[in-house]
Amino acid sequence: MSTPSHHFSDAEKHGLYRAIYERRDVRSQFLPDPIAPEILARLLKAAHHAPSVGFMQPWDFVVIKSREVRASIVAMFEQENQKAAERFEGERKERYQGLKLQGILESPINLCITCDRSRGGPHVLGRNSIVDTDLFSTCLAVQNLWLAARAEGIGVGWVSILDQDQLGTALKLPEHVYPLAYLCLGYVSEFLDQPELEAKGWRSRLSLNELVHSDGWGGSLAESPLLAALQEHE
């Protein structure tokens, strides 16, 4: 019996899971090598093929190469990063201040993925109960791009320590367009074995066994084949 065309081969499945497990939020390993237009186009096409509620496709992509624009974003980051550092005390604050949390100038390309909150009009199929499904859908576009980038050997870093109003002004966004993800893209010297924050002791990965519930919050998986499978791959 032939394998149905919609099935993935073992090699294809391995590649997908490898991209998921080896994806990293990159801040420190960027190389100056340019990203070819055809490769950037592939990443953007992957992002554009993300699922979206009501097929609203609320995303746009602002490609940023200008050093002047990026320098202004760095200034925003430094201002917000100082505010963020003040939320911590003692050793935790010192550790925070020792982290590198952006690669805005080091990466050859910055990309802002935005969410047009008016896309699809006032009544979007599936959005009447949860109005933020446009934001959720745009996050899926970010993830698609991130996984495709990893498959291409390109690192991505999400700079979240930015004032979104200031960012929108800097990028000349209309009022109804929200700058959801400011990303740094570029080839890297290496992909770390662990997420950088885990490797530097900021946080550890939670145990999946403790995050899966049965038939409601707190429902036990005891004696469940699923629990045994989760423990096997912990």
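Above this text is the structure in question.
What you see is a predicted model; the values in this text were computed from it and never measured.

What counts as what
- Residues numbered from 1 in each chain as written.
- Predicted model: local features only at pLDDT ≥ 70, side-chain atom pairs only at ≥ 80, totals over all residues.
- Heavy atoms only, no water.
- Helix = DSSP H or I, 4+ residues; strand = E, 2+ residues; numbered from the N terminus.
- Buried < 20%, exposed > 50% of the residue type's maximum accessible area, 1.4 Å probe, protein only.
- Contact = heavy atoms within 4.5 Å.
- Areas by Shrake-Rupley, 256 points an atom, 1.4 Å probe, with all protein chains shown as cover.
- Lys, Arg positive; Asp, Glu negative; His and termini not counted.
- Charge placed at Lys NZ, Arg CZ, Asp CG, Glu CD.
- Pairing = 2+ DSSP bridges.
- Axes fitted to C-alpha atoms, helices over the stretch in contact; angles between N-to-C directions.
- Polar contact = N/O pair within 3.5 Å; in protein donor to acceptor, adjacent residues only side chain to side chain.
- Phe/Tyr/Trp six-rings, centres within 6.5 Å; stacked < 30°, edge-to-face > 60°.

1. Re the overall build of the chain
No. 1: Broken down by element type, the chain carries eight helices and four strands.
No. 2: Sequence-ordered secondary structure for the chain, helices as α and strands as β, is α-α-β-α-α-β-α-β-α-β-α-α.
No. 3: With the C-alpha coordinates aligned to their principal axes, the bounding extent of the chain is approximately 55 × 50 × 40 Å.
No. 4: For the chain, buried positions account for 35% of its 234 residues.
No. 5: Sequence separation of at least 24 residues holds for 80% of the intrachain contacts in the chain that already meet a minimum separation of 6.
No. 6: Only carbon and sulfur atoms are counted for the fraction: they give 54% of the accessible area of the chain, which is about 14,400 Å².
No. 7: For the chain, the separation between the mean place of its 24 positive charges and that of its 31 negative charges on side chains is 4 Å.

2. With respect to the sheet that holds strand S4 (residues 177–187)
No. 1: Pairing in this open sheet of four strands is antiparallel, and the strands run S1-S2-S4-S3 from one edge to the other. Each having just a single partner strand, strand S1 (59–64) and strand S3 (154–158) make up the two edges of the open sheet. Taking the axes of each pair of neighbouring strands and ignoring which way they run, one obtains an average angle of 30° across the sheet.
No. 2: As defined by bridge partners, S1 adjoins strand S2 (residues 109–116) across six bridges and the pair is classed as antiparallel. Opposite Phe61, over in S2, you have Ile113 as the bridge partner.
No. 3: Relative to the sheet, helix H5 (residues 133–151) contacts S1, S2, S3 and S4, its axis offset from that of S4 by approximately 5°.

3. Observations regarding the side chain of Gln102
No. 1: With respect to the secondary-structure elements, Gln102 resides in the loop between helix H4 (90–97) and S2.
No. 2: Using a relative accessible area of 13% as the deciding quantity, one classes Gln102 as buried.
No. 3: Reaching out from Gln102, the side chain makes a polar contact with the backbone nitrogen of Ile104 at a distance of 2.8 Å.
No. 4: Apart from residues no more than four positions distant in its own chain, Gln102 is found in contact with Arg27, Val74, Phe77 and Val159.

4. Quick word on the packing of aromatic side chains
Pairs of aromatic rings are described using the distance from one ring centre to the other and the angle between the two planes.
No. 1: Under the definition given, this model contains five aromatic pairs.
No. 2: Summarising the aromatic geometry, the rings of Phe88 and Trp202 are spaced 5.3 Å apart at their centres and angled 85° between planes, so their arrangement reads as edge-to-face. With Phe88 in the loop between helix H3 (67–85) and H4 and Trp202 in the loop between helix H7 (196–199) and helix H8 (225–232), this pair connects stretches of sequence that are 114 residues apart.
No. 3: Summarising the aromatic geometry, the rings of Tyr96 and Trp202 are spaced 6.1 Å apart at their centres and angled 55° between planes, so their arrangement reads as tilted. Placement of Tyr96 in helix H4 and of Trp202 in the loop between H7 and H8 is noted, with a sequence separation of 106 residues between them.
No. 4: With a relative accessible area of 14%, Trp202 lands in the buried category.
No. 5: Aromatic rings pair up to connect Phe88, Tyr96 and Trp202 into one cluster.

In short, geometric facts, not functional conclusions.
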